[in-house]
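# Architecture and fold: a report
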Amino acid sequence: MPGVVGSAPRGRLGCARARLLAYVGSVALPPSESSAGPLFAWGRALSRRLGTPPPPADSPLDAPMCADPTPAPPQPDAPQPTCPTEAPPHSGHTAEQLGAFLSRGLGARVQVVLGRSRRTPIRSETQHIGLVVSHRLVLHRFFSGASQATLDDLLAWMRTGRRARAACSALDAFIAERLEAERPPPARPTAQRLAGDVHHLGELAEVLKSEPSATCLGTLDPWPAITWGRWPNRAPRRSLQLGSYDPERHLVRLHPVLDRVDVPAWFLRSVLHHELVHAYLEGGQRSAPSRVHGPEFRALERAYADHELSEAWLEERLGALLTVVARRVRARQKELRRSP
């Protein structure tokens, strides 16, 4: 890059650029890397300075986006060259093959992990370490049998997100079809814990059954299992999920921060009513995300006698509950650091 290195820097941006080039260029490069061109050599040197492993010699970052239009005649025993934007064979893609395909398409390192989560079949995480960008993509294992068109849609989604509407619609249809075809794993038995230190969820549920304003719960059959949840590993910042309903296990969990003396029983019953309305409407099957809190749900929720009072109490006490959870998480982290 003679135009950059040889020009005199002007202003703050030019000075910062010069310092960066001097910082990276001060690293001694092996002959194999110095011959790969200054741009990729500096990238590998910067990766070492930042403590991140450099990409391998055949990294997608160094590979051209398409094969040479006039390649040399292949040797009899040599593998045939393929265009890097081509997906691996249709049957049985490995996580490494999927990661290499996506890395070539994005021009950045993509680590693919195959899992079994039906709730989040796709989960993407992006990491920025200095100038190095990497992605970690957790996919459901049925993506190992995805077609070329589906993988192209996945690549388009990673590039532009929801702006790739056609690709997102095709991915949604693919995921829905595969989830329908693949039987869910047998539900693990859940240890039901009703009795807390202060409140007993079984007693709260019995009061709800006889509550006149909770009319929809009279036809809820069978009632879901109810239990106290576990303390989180990370402290929330602005919001707090006080309860959840798992339609696959037909299970309601309440946050353990509510098992306190300063949390009134009528507020706990309101939170429990909220989750039981989910169980009533979903009927053991997950609804579409846009309809979880739809008009029918809101109408049933507002019909509960203590709903407005509970909303006002939560607005006033949310900060205190967040502080309790944060302290609990920090105390737990200190214990883990002290343990050998």
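Please refer to the structure placed before this passage.
Let us look at the structure shown here.

Reading guide: rules and limits
Residues numbered from 1 in each chain as written. Predicted model: local features only at pLDDT ≥ 70, side-chain atom pairs only at ≥ 80, totals over all residues. Heavy atoms only, no water. Salt bridge = Lys/Arg side-chain N within 4 Å of Asp/Glu carboxyl O. Buried < 20%, exposed > 50% of the residue type's maximum accessible area, 1.4 Å probe, protein only. Helix = DSSP H or I, 4+ residues; strand = E, 2+ residues; numbered from the N terminus. Pairing = 2+ DSSP bridges. Axes fitted to C-alpha atoms, helices over the stretch in contact; angles between N-to-C directions. Contact = heavy atoms within 4.5 Å. Phe/Tyr/Trp six-rings, centres within 6.5 Å; stacked < 30°, edge-to-face > 60°. Core = buried A, V, L, I, M, F, W, Y, C linked by side-chain atoms within 4.5 Å. Patch = residues over 30% accessible without salt bridge, like charges linked within 9 Å, V, L, I, M, F, W, Y side chains within 5 Å. Areas by Shrake-Rupley, 256 points an atom, 1.4 Å probe, with all protein chains shown as cover. Lys, Arg positive; Asp, Glu negative; His and termini not counted. Charge placed at Lys NZ, Arg CZ, Asp CG, Glu CD. Parallel < 35°, antiparallel > 145°, perpendicular 65-115°, else oblique.

### Observations regarding the pattern of salt bridges
Considering all chains together, one arrives at 8 salt bridges under this definition. A salt bridge links Asp262 to Arg260; the nearest nitrogen and oxygen atoms lie 3.1 Å apart. Its relative accessible area of 28% is what places Arg260 among the partly exposed residues. Between Arg298 and Glu301 there is a salt bridge, with the nearest N and O atoms lying 2.9 Å from each other. In this pair, Arg298 and Glu301 both sit in helix H10 (residues 295–302), 3 residues apart, roughly one turn of the helix. By sharing partners, the salt bridges in this structure join Arg260, Asp262 and Arg317 into a single network.

### With respect to the sheet that holds strand E3 (residues 132–140)
The strand order across the open sheet built from 3 strands is E1-E3-E2, with neighbouring strands paired in mixed fashion. A single partner strand is all that each edge strand has here, and the edge strands are strand E1 (109–115) and strand E2 (122–129). Each strand of the sheet is rotated relative to its neighbour by a mean of 15°, with strand direction disregarded. Taken strand by strand, helix H6 (residues 148–160) contacts E1, E2 and E3, and its axis lies near 135° from that of E3.

### Section: the packing of aromatic side chains
When we look at a pair of aromatic rings, we describe it by the centre distance and by the angle of the planes. Summed over all chains, the structure comprises 5 aromatic pairs. With 6.5 Å between their ring centres and 85° between their planes, Trp266 and Phe267 make a pair best called edge-to-face. The class for Trp266 is partly exposed, based on a relative accessible area of 23%. Ring geometry for Phe267 versus Trp313: centroids 4.4 Å apart, planes at 40°, classification tilted. One end of the pair, Phe267, is in helix H9 (residues 265–282); the other, Trp313, is in helix H11 (residues 307–338), with 46 residues separating them in the sequence. Accessibility classification places Phe267 together with Trp313 in one group, the buried group.

### So, the nonpolar core
Leu254, Leu258 and Leu272 are the most contacted members of the largest nonpolar core, which totals 33 residues. Of all the elements in the fold, those that place two or more residues in this core are helix H8 (201–209), strand E4 (225–228), strand E6 (251–254), H9, H10 and H11. Among the elements that make up this core, the one with the highest residue count is H9 (7 residues). For Leu258, the contacting residues outside a window of four places in its chain are His199, Trp228, Leu242, Val263, Phe267, Leu268, Val271 and Leu321. Core analysis: the second largest hydrophobic core is formed by 19 residues, Ala95, Leu98, Leu137 and Leu179 among them.

### Remarks on a negative patch on the surface
Among the surface-exposed residues, Glu308, Glu311, Glu315 and Glu316 lie close enough to one another that they form a single negatively charged patch. Counting through the fold element by element, Glu316 comes out in helix H11. On the basis of relative accessible area, Glu316 is assigned to the exposed category, the value being 67%.

### Observations regarding the pairing of strand E5 (residues 243–246)
Two elements, E5 and E6, share 4 bridges in a ladder whose sense is antiparallel. Across the sheet, the residue bridging to Gly243 is Leu254, located in E6. Linking E5 to E6, which pair antiparallel, is a turn of 4 residues; within it His250 sits at a positive phi near 50°.

### Some points on a positive patch on the surface
Judged by side-chain charge, Arg327, Arg330, Lys334, Arg337 and Arg338 come together as a positively charged surface patch. Tracing the sequence through the fold places Arg338 in helix H11.

### Details of the sheet that holds E6
Pairing is mixed across the open sheet formed by 3 strands, whose spatial order is E4-E6-E5. The outermost strands of the open sheet, each flanked by one partner alone, are E4 and E5. Taken pair by pair, the neighbouring strands of this sheet meet at an average axis angle of 20°, ignoring direction.

### A word on the packing of H9 against H11
In contact at an axis separation of 10 Å, H9 and H11 are set at 105° when each is read in the N-to-C sense. One way to sum up the angle between H9 and H11 is to call them roughly perpendicular. Where H9 approaches H11, its residues Trp266, Phe267 and Ser270 are matched on the opposing element by His307, Leu309, Ser310, Trp313 and Leu314.

### Considering the environment of His140
Within the secondary structure, His140 sits in strand E3. For His140, a relative accessible area of 1% puts it in the buried group. Here the alpha-carbon distance between His140 and Val113, two residues 27 residues apart in the chain, equals 8.4 Å. Aside from chain neighbours lying at most four places away, what touches His140 is Leu114, Gly115, Arg116, Ser117, Arg118, Pro121 and Glu182.

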